[in-house]
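Examination of the molecular architecture
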2 protein chains.
Amino acid sequence: MAMDERARHLLKSLIEQHIANGVPVGSRQLAKGAGLNISPATVRNVMADLEDEGYLISPHTSAGRIPTHVGYRFFVDALLRVVPLSPESHQLLIHRLGHYIPDTEQVLHAATEVLSELTHMAGFVRVPRRANRTLRHVDFLALREKEVLAIFVTDKGDVENRLIRTEHALSAAELNQAANFFNESYGGRPLQEVIQHLQRDLQQSRHEMDRILRSAMELGEEMLEEDQQRMLIEGEFQLLDLPELAGSERLRELLNAVRQKRDLVHLLDSSMRGSEVRLFIGEESGFAPLSDCSVVSAPYVVDGEVLGVLGVLGVIGPMRMPYQQIIPLVDGTAHLLGRALSQS
Amino acid sequence: MAMDERARHLLKSLIEQHIANGVPVGSRQLAKGAGLNISPATVRNVMADLEDEGYLISPHTSAGRIPTHVGYRFFVDALLRVVPLSPESHQLLIHRLGHYIPDTEQVLHAATEVLSELTHMAGFVRVPRRANRTLRHVDFLALREKEVLAIFVTDKGDVENRLIRTEHALSAAELNQAANFFNESYGGRPLQEVIQHLQRDLQQSRHEMDRILRSAMELGEEMLEEDQQRMLIEGEFQLLDLPELAGSERLRELLNAVRQKRDLVHLLDSSMRGSEVRLFIGEESGFAPLSDCSVVSAPYVVDGEVLGVLGVLGVIGPMRMPYQQIIPLVDGTAHLLGRALSQS
DNA sequence: CCTTGGCACTCAACCATCAGGAGTGCTAAT
DNA sequence: ATTAGCACTCCTGATGGTTGAGTGCCAAGG
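Parameters and conventions
Numbers given for residues are sequential positions, taken from 1 along each chain in its written order. Ligands are numbered from 1 and chains lettered from A, in the order in which they are written. With the structure being a predicted model, the display of local features is reserved for residues of pLDDT at least 70 and the display and counting of side-chain atom pairs for 80 or more, all residues being used for whole-chain, interface and lining totals. The basis for every side-chain value is the complete set of non-hydrogen atoms in the structure, without hydrogens or water. Only runs of H or I of at least four residues qualify as helices and only runs of E of at least two qualify as strands under DSSP, and these elements are numbered from the N terminus. What the globule rule says is 2.2 Å times the number of residues to the power 0.38, and the radius of gyration is computed from C-alpha atoms. Residues scored as charged are limited to Lys and Arg (positive) and Asp and Glu (negative), so that His and the chain ends carry no count. Every charge is mapped onto a representative atom, which is NZ of Lys, CZ of Arg, CG of Asp or CD of Glu. Alignment of the copies relies on least squares applied to C-alpha atoms, considering only residues that score at least 70 for pLDDT in both. Contacts are residue-level and defined by heavy atoms, with any inter-residue pair within 4.5 Å sufficient. Only protein chains enter the accessibility calculation, which uses a 1.4 Å probe. A residue is then buried if its area is under 20% of the maximum for its type, exposed if over 50%, and partly exposed in between. Here the arc refers to the directions that run from the helix axis out to each C-beta atom. Start and end points for every domain follow an automatic or database-based domain assignment. A quick way to say it: buried area is the sum, across both parts, of accessible area lost when two parts are put together, with a 1.4 Å probe. Each reported salt bridge corresponds to a side-chain nitrogen of Lys or Arg within 4 Å of a carboxyl oxygen of Asp or Glu. Polar contact criterion, stated in full: a pair of N or O atoms within 3.5 Å, where within protein one must be able to donate a hydrogen and the other to accept it, and residues adjacent in sequence count only if both atoms are side-chain atoms. Side-chain classes are defined by residue name, with Ala, Val, Leu, Ile, Met, Phe, Trp, Tyr, Cys and Pro counting as nonpolar, Asp, Glu, Lys and Arg as charged, and the others, Gly among them, as polar. Stacked, tilted and edge-to-face are the three classes assigned to paired rings of Phe, Tyr and Trp, where Trp is represented by its six-membered ring and a pair needs centres within 6.5 Å; plane angles under 30 degrees give stacked, over 60 edge-to-face, the rest tilted. Criterion used throughout: strands pair if DSSP finds at least two bridges between them. Lines fitted to C-alpha atoms define the axes, with helix axes restricted to the stretch in contact, and inter-axis angles between N-to-C directions lie between 0 and 180 degrees. Nonpolar cores are built from buried Ala, Val, Leu, Ile, Met, Phe, Trp, Tyr and Cys residues. Side-chain atoms within 4.5 Å join them into one set. Angle categories are assigned with fixed cut-offs, so that under 35 degrees is roughly parallel, over 145 is roughly antiparallel, 65 to 115 is roughly perpendicular, and the rest are oblique. For any pair of crossing helices, the crossing counts as left-handed if the nearer helix is rotated counterclockwise from the farther one by less than a right angle, and right-handed if it is rotated clockwise.

1. Notes on the overall build of chain A
If you tally the helices and strands in chain A, you get 12 helices and 10 strands. In terms of C-alpha radius of gyration, chain A reaches 26 Å, well past the compact-globule figure of 20 Å for 344 residues. Referenced to the eigenvectors of the C-alpha coordinate spread, the extents of chain A come out at roughly 90 × 40 × 35 Å. Across chain A, 35 positive and 47 negative side-chain charges occur, with their mean positions spaced 2 Å apart.

Structural data, given as structure tokens:
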């Protein structure tokens, strides 16, 4: 059964009130706040219906009603009118992300921080996948007697390094030769391809220099793996003073879960397809510690949609969050971050 | 006035009981627990004296007594007998830090984690100062049209990189030449010296290539500065379920302070001189958010005392912590970490 | 049929009261 | 100097009544 126009209005008003105050909303309050000229009794009838249909729930007999996650979902899908970003927020965003900063890390960090600051919730930025990186340059340096430092550089400017122990001392000349070989054979080729090649070629080889190459290959693998997992999070502590979560146990779990990041990363990667803001409200995330929270995420695109690189960012907060403002904020941040990382 | 032998014993017993249970200790309890054959009334007299002298305090009229930070200080200085590390803990330490891992970051991380795990408190490791690093190698790579990636490597295997925008496109040959010049002029020289030199030489120059060198110099400066501030912290959340801090406000402050790290770093650097475990109990740290906490820290030495490198590590927890076990644990971790980082 | 006032009912929150227990300080006797 | 005894304080938990917000249902009125 389709919902009554009036019922929709009341639901909307109820959720807005609850978002604003955080307390359950009663019929008297709602009747007044909704601006319709109807009595609390009528409102009660409507509320009872909404409860039957799963949009509302009553914490206990004599305490108004609060939205369920189904209610919130209906609210954001059908009732919510997103407001444009406030000028101050927009200014701040531009100021922090609007101009070119060459260091990727720094930009990602700035984005995480600004999300957390403006929303007073936990902000996160998933480090973009760079599956299509190509190898730009490799160096092998002899640091001490039997230690070689391998340095990998990709065309995107990612640099990764690792110390490798060797069984015999290797001369600078030998290492140079190996690096040259590496650069000539693999320079400019996709990292993934490089690794596959190496994996085949070095299968049985036992030569010392090949051991170095193999270690180097492992390093390359790490580079691909690592950013599979990386995610910046800022402002988790803001979650500490959300009254709805304040009760001990769940909060600990949540913070730990956020710290672990693993499942979170999973959840978010699924939301990377598509180019719109996405919401996970309460249980919708299918991830227990987040049952009381909502996640608002948006993918961002670096260097064009086709060959480009994708990432996700967003915020984690209570279900009761001001979606009208949070959504455009997350959206705007995603656009700006994408642009900041794209500029050549 | 020197403290009575019996008073000392009672103070010791009281603090031990309080550390074990977390609740204020009354005269009856204490009389029983101390093993002396005296009545609660006598104990009360002694306790009253100890309170007058500032070692104890009574939360309210009819609730036993708890130690003040002065009491704890006297306890650890004069009464505490440190027990040797438990075999299990020792095993775990050895397992996690006992063998050589070439990657410094990884070792530091492992140490932080193991501190937090074994103590159930927040563990931290201050990244060692490497003021005496020398420059090992420099690379300049043209990534895109007008972007140069500068890579610095020190003799200790630290690698740092930064993207530099240039006004004109520079050829690979030009960059190579610059890098060669750099490596030949400065390779093997202390980083600090390199920077000073560059600062003098590049003062007025406006040539594009010199701009790159100047950017490179700034990168070098960052390398020196950065690890001035760096510190790893793990397990802050463990502090969440300390009943004594559970009360909201202070905890938020503490977590934020820990997050900021700045003042903490200050505090710890002061404790780096000397080679022993050091304790800051409650207000002693002179750092408000830590008023309810104790910090147990120990310096660690990498590559020998004279030319070596110094760092600090330790834990942050409630004043009421089992010092007898925490102290040797922090001490042991410091030794092992020092050794793990020293092995060639 | 929808709306509304009325009414009985429920329940959390607040408050006061009370008993019990732990602990203290003081005093007087040993 | 030690200790038993005692009066006193204060926290804690249980009990119970009151209040106020809110509900559900019903019956009357548009």
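2. Here's the deal with the relation of the copies chain A and chain B
Superposing chain A onto chain B requires a rotation of 179° together with a translation of 0.1 Å along the rotation axis, leaving an RMSD of 0.2 Å. Overall, the copies show the geometry of a two-fold rotation axis. Taken together, the interface assignments show that 100% of the residues at the interface of chain A recur at the interface of chain B, consistent with an identical surface on both copies.

3. Considering unusual backbone geometry
Of note in the backbone geometry, A:His120 takes a positive phi value of approximately 55° without being a glycine. Note that A:His120 resides in the loop between helix 6 (104-119) and strand 3 (122-126). Positioned with a positive phi, B:Lys261 is a non-glycine residue whose angle comes to about 75°. In this fold, B:Lys261 is placed in the loop between helix 10 (249-260) and helix 11 (262-269).

4. So, helix 8 (residues 191-201) of chain B
All of the buried residues in helix 8 of chain B are B:Leu191, B:Val194, B:Ile195 and B:Leu198. The buried residues of helix 8 of chain B occupy an angular sector of 95° when projected down its axis, which confines them to one face.

5. Re the domain arrangement of chain A
Reports of interface size often rely on the accessible area that becomes lost once the parts have come together. Residues and elements named next belong to chain A. Domain assignment breaks chain A into domain 1 (5-79), domain 2 (87-127 + 231-342) and domain 3 (135-228). The centre of domain 1, based on its C-alpha atoms, is set 28 Å off from the matching centre of domain 2. With 10 residues of domain 1 at the interface, the matching set in domain 2 holds 10 residues. Interface area for domain 1 against domain 2, summed over the two sides, is near 920 Å², with a carbon-plus-sulfur share of 65%. Here domain 1 and domain 2 share one salt bridge between them. For the salt bridge of Arg73 with Glu284, the shortest nitrogen-to-oxygen distance reads 2.7 Å. Applying the counting rule to domain 1 against domain 2 returns four residue pairs in polar contact (both at pLDDT 80 or more). With five residues, helix 4 (residues 69-79) is the single largest residue contributor to the side of domain 1 that touches domain 2. Taken together, the residues of the side of domain 1 that touches domain 2 sort by class into five nonpolar, four polar and one charged.

6. With respect to the packing of aromatic side chains
If you walk through the whole model with that rule in mind, you get 11 aromatic pairs over all chains. Ring centres of A:Phe140 and A:Phe182 lie 6.1 Å apart, and the angle between their planes is 75°; on these two criteria the pair is classed as edge-to-face. Of the two residues, A:Phe140 is situated in strand 4 (residues 135-144) and A:Phe182 in helix 7 (residues 172-186); the sequence distance between them amounts to 42 residues. Their ring planes at 80° and their centres at 6.1 Å tell us that A:Phe237 and B:Phe237 sit as a pair that is edge-to-face. Placement of the pair is A:Phe237 in the loop between strand 7 (231-234) and helix 10 (249-260) and B:Phe237 in the loop between strand 7 (231-234) and helix 10, with the two residues belonging to separate chains.

7. Brief notes about the sheet that holds strand 6 (residues 159-165) of chain A
Residues and elements named next belong to chain A. Within the open sheet, the three strands sit side by side as 4-5-6. Their pairing is antiparallel. With one partner strand each, in any of the chains shown, strand 4 and strand 6 form the two edges of the open sheet. The sheet shows a mean angle of 20° between the axes of neighbouring strands, taken without regard to direction. Relative to strand 5 (residues 147-154), strand 4 runs antiparallel, the two being bridged by eight bridges. Its bridge partner being in strand 5, Leu135 is matched across the sheet by Thr154. Helix-sheet contacts for helix 7 involve strand 4 and strand 5, and the interaxial angle to strand 4 is about 170°.

8. What to know about the nonpolar core
Counting 58 residues, the largest nonpolar core has A:Leu11, A:Val296, A:Tyr300, A:Tyr323 and A:Leu337 as its most contacted members. Composition of this core by domain shows at least three residues from each of domain 1 (5-79) and domain 2 (87-127 + 231-342) of chain A. Counting residues in each nonpolar core, the second largest holds 57 residues, with B:Val25, B:Tyr72, B:Ile281 and B:Leu313 among its members.

9. Comments concerning the packing of helix 5 (residues 87-97) of chain A against helix 12 (residues 323-342) of chain A
Residues and elements named next belong to chain A. Orientation of helix 5 relative to helix 12, taken along the N-to-C sense of each, is 25°, at an axis distance of 10 Å. With respect to helix 12, the axis of helix 5 lies roughly parallel. Between helix 5 and helix 12 the crossing geometry is right-handed. Contact with helix 5, carried on its side by Leu93, Ile94 and Leu97, involves Leu329, Gly332, Thr333, Leu336 and Ala340 of helix 12 and no other residues of that element. Broken down by class, the residue content of the contact of helix 5 with helix 12 amounts to six nonpolar, two polar and no charged.

10. Focus on the pattern of salt bridges
This model, assessed by the stated rule, comprises 22 salt bridges over all chains. Of the charged contacts, one joins B:Glu234 and A:Arg259 as a salt bridge, the two residues approaching to 3.1 Å between their closest N and O atoms. One end of the pair, B:Glu234, is in strand 7; the other, A:Arg259, is in helix 10, on a second chain. Judged by relative accessible area, which is 16%, B:Glu234 ranks as buried. Accessibility expressed as a relative area gives 25% for A:Arg259, which makes it partly exposed. Each of A:Arg73, A:Asp77 and A:Glu284 takes part in a single network of salt bridges with overlapping partners.

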